[in-house]
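In case you want the letters, here they are:
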There are 2 protein chains.
Amino acid sequence: MQRAISLIGSGQTRFGEWWDKSLRDLMAEALDSALSASPATALDIDAVIVANMLGEFTNAQAHLGTLASALLPHRPPALRVEAACGSGSLAVHMACALLESNRAQSVLVLGVEKMTDASQEDIASALMAAADAELDRPSGITFPGIFGLIARRYMHEYGLTRDELSLVSAVHHMHGKENPYAQFRSAIPPETISKSPLIADPLRLLDCSPISDGAAALILSTKYQTPMRLLASQVASDTVSITERPSLTSFPATKEACEKALREAEISLDDVGAVETHDCFSIAALINLEDMGFANPGEAIRIYKDIHEGKSTMRLNRSGGLKACGHPVAATGIKQIIDVAKQLQAHEERYGIAHNFGGAGATCGVHVLASMP
Amino acid sequence: MQRAISLIGSGQTRFGEWWDKSLRDLMAEALDSALSASPATALDIDAVIVANMLGEFTNAQAHLGTLASALLPHRPPALRVEAACGSGSLAVHMACALLESNRAQSVLVLGVEKMTDASQEDIASALMAAADAELDRPSGITFPGIFGLIARRYMHEYGLTRDELSLVSAVHHMHGKENPYAQFRSAIPPETISKSPLIADPLRLLDCSPISDGAAALILSTKYQTPMRLLASQVASDTVSITERPSLTSFPATKEACEKALREAEISLDDVGAVETHDCFSIAALINLEDMGFANPGEAIRIYKDIHEGKSTMRLNRSGGLKACGHPVAATGIKQIIDVAKQLQAHEERYGIAHNFGGAGATCGVHVLASMP
């Protein structure tokens, strides 16, 4: 970081089904709680960056940056950033650039999505805009299908079993039970996950993060300082289409963004006390841990086994992850950063990582937070 | 500017109807011409910012930043920026932040839109996503209607006549005739404009910029320097809904962005030798000139009269503006900067301004270019 950037306030709506709230209502709620938690006033906000993927499709609303800016009395400069399900972390990345360039001293980053009003078929089709419309969509596949193929290949390469895979969502639901902002707050045993309805074999319903409404907001500042610092913000890209990849079981964009972020923060994985990773589907969580370097290829399930059996205290998706929290797609990358900060504060840990991606790992954003002594 | 930023390469497709080209094809064509015109190689590009508004709607494709990044061999970090028809200038603004923060030394900015495959009704509805879905859309109004109301109010306040208004598009078409990249390359006399089919009284067909396909690309760099420098990049916001505005005949975001940009560039309007302004509808061009300070309220038509009668040599929308060039919405703000640079070079002028907005002046981006001696 060229300048010291602090996370000075954050807030979110509970993720879930909010049929009685508009995109603007959700943004206003998250904004209000972020502002009231922060030492800054509304007039301190120099710029607004909104992360959103599906606004045109689900709400006939683009131009969300300016719509959010008008929630503030002075209507600061604003724009919307989109990188599919990675929109949230990319918006934070651009906020860092505005702060480091000194074009702004305090930036509001707001992620919002309202997905539950559309039919499941329509949402599945809309989400396929995150894949390649020329190379992927004509096959008729949807995202559960893409990750179904990935899971099938992973099982073939590494011998992962269906019952083992169920430990991933079981651990996430165990954690989500404690999170008042989570969409689903009940523990679910692995056996129930293994028996839930088939979606895209081998993936079952409880391997898939849900369709959700919600908003998350954070305020980053160089003017106000708090002990919660953003130490690194890195982004990497891969091909959008899985047909152009040498492997289905590793996402190189995660490797690149994570390596760069650790280097920027000048820490190693061993220093990390809290991790939020992008478990849009259970199989993704395993691949992410391997790409980030927490496990060798094919061995990440060991981490979930250990957490499930109480043998590991690793703070991994303690929020409940996308599976239990819900996944209002563009809000997720922002919510992850908020959750990492909460965990660092609650457990007096020093460093945490938020890992967010779009598509099948095509765009990856990684942020490192530090709770300064 | 915190650093010296040069425009080191630019290119565009001709704007028009490209039913045989995909979004990717259009981006590749603009990218290739920008790269081949630049001292940088593909591997110099540290980041890609894509401006796009309608990709989900017209092409079932989001995630366009990463899709564009994959056109380069090393797939640099990428994202998409959207601020309705102001997306192009906002993307350039974010590129400046990346360069000023030193997160990148060369950034590719690519604006792309493919609109002509959809029906006119569907495009009119899609473009309404730039207005307020809660406050504007329920009235049934579309953007020609919004600017029709604005034109009617302007005529009421200032006595502008229908035949006077026709001079705006007549001048733009006169200029567009000379631009090989313009969608329409024929001079159109004011009488023809006054008699063209009614769209939203008082606006007629030839008051409205067309629906277009096209892409425009530019490369900004702090590593490579050319005589074409970007001196200022400023953005301002207004309410998205016209129902929340004190006046229909002035866009405060233009005033604010333009004043800030002149201040940042340390020049005055008198220094400006070339202007491209956002004439999505003829009436907008008049309001823009007044908000920018080139004319008093109600008097901008004098400038068009003088140009039409050969009494003024002001370089105003010499590209042909949105009316003659076409308006692939997110590409426009980038194309304007390219055109200002071309005019500065061709006429040995020092300073130029590109003025781009989204919605009914709800988001405004203003850039100042300088051709250094």
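Residues numbered from 1 in each chain as written. Chains lettered and ligands numbered in written order. Predicted model: local features only at pLDDT ≥ 70, side-chain atom pairs only at ≥ 80, totals over all residues. Heavy atoms only, no water.

Undergrad: It is not clear to me how the pairing of strand 10 (residues 351–358) of chain A should be interpreted in this structure. Could you clarify?
TA: On a regular strand, one side chain projects to one face of the sheet and the next to the other, so that they alternate. All names here are of chain A. Taken across its eight residues, strand 10 has eight buried, putting it largely inside the fold. The side-chain alternation of strand 10 yields two buried faces, one formed by Tyr351, Ile353, His355 and Phe357 and the other by Gly352, Ala354, Asn356 and Gly358. Strand direction decides the pairing type here: strand 9 (residues 272–276) and strand 10, joined by four bridges, are parallel. Bridging across to strand 10, alanine 274 finds its partner in glycine 352. Taken together, strand 10 and the strand that follows it, strand 11 (residues 363–371), pair antiparallel across an intervening segment of four residues, in which glycine 359 is found at a positive phi of about 65 degrees. (Buried < 20%, exposed > 50% of the residue type's maximum accessible area, 1.4 Å probe, protein only. Helix = DSSP H or I, 4+ residues; strand = E, 2+ residues; numbered from the N terminus. Pairing = 2+ DSSP bridges.)

Undergrad: Explanation requested: helix 10 (residues 282–292) of chain A in the structure shown.
TA: Residue and element names in this part refer to chain A. Of all eleven residues that make up helix 10, eleven are buried, and the element is covered over most of its length. Residues of helix 10 that are buried: Ser282, Ile283, Ala284, Ala285, Leu286, Ile287, Asn288, Leu289, Glu290, Asp291 and Met292. Following helix 10 by one or two positions, glycine 293 adopts a phi angle in the positive range, close to 105 degrees.

Undergrad: So what exactly am I meant to see when it comes to the interface of chain A and chain B here?
TA: Where interface size is quoted, it is often the accessible area lost as the parts come together. With 58 residues of chain A at the contact, the number on the chain B side is 58 residues. Connecting chain A to chain B are 14 salt bridges. Among the ionic pairs, A:Asp238 bridges to B:Arg75, the shortest N-O distance being 3.6 Å. Counting across the interface, chain A meets chain B through 34 residue pairs in polar contact (both at pLDDT 80 or more). At the level of elements, helix 2 (55–59), helix 3 (64–69), strand 3 (78–82), helix 4 (87–100) and strand 8 (228–237) of chain A are the ones that each hand at least two residues to the side of chain A that touches chain B. Take the side of chain A that touches chain B: its biggest share by element is six residues, from helix 4 of chain A. A per-class count over the side of chain A that touches chain B returns 28 nonpolar, 17 polar and 13 charged. Across three bridges, the pairing between strand 3 of chain A and strand 3 (residues 78–82) of chain B is antiparallel. For A:Arg80, the partnering residue across the bridge sits in strand 3 of chain B and is B:Glu82. (Contact = heavy atoms within 4.5 Å. Salt bridge = Lys/Arg side-chain N within 4 Å of Asp/Glu carboxyl O. Polar contact = N/O pair within 3.5 Å; in protein donor to acceptor, adjacent residues only side chain to side chain. Nonpolar A, V, L, I, M, F, W, Y, C, P; charged D, E, K, R; others polar.)

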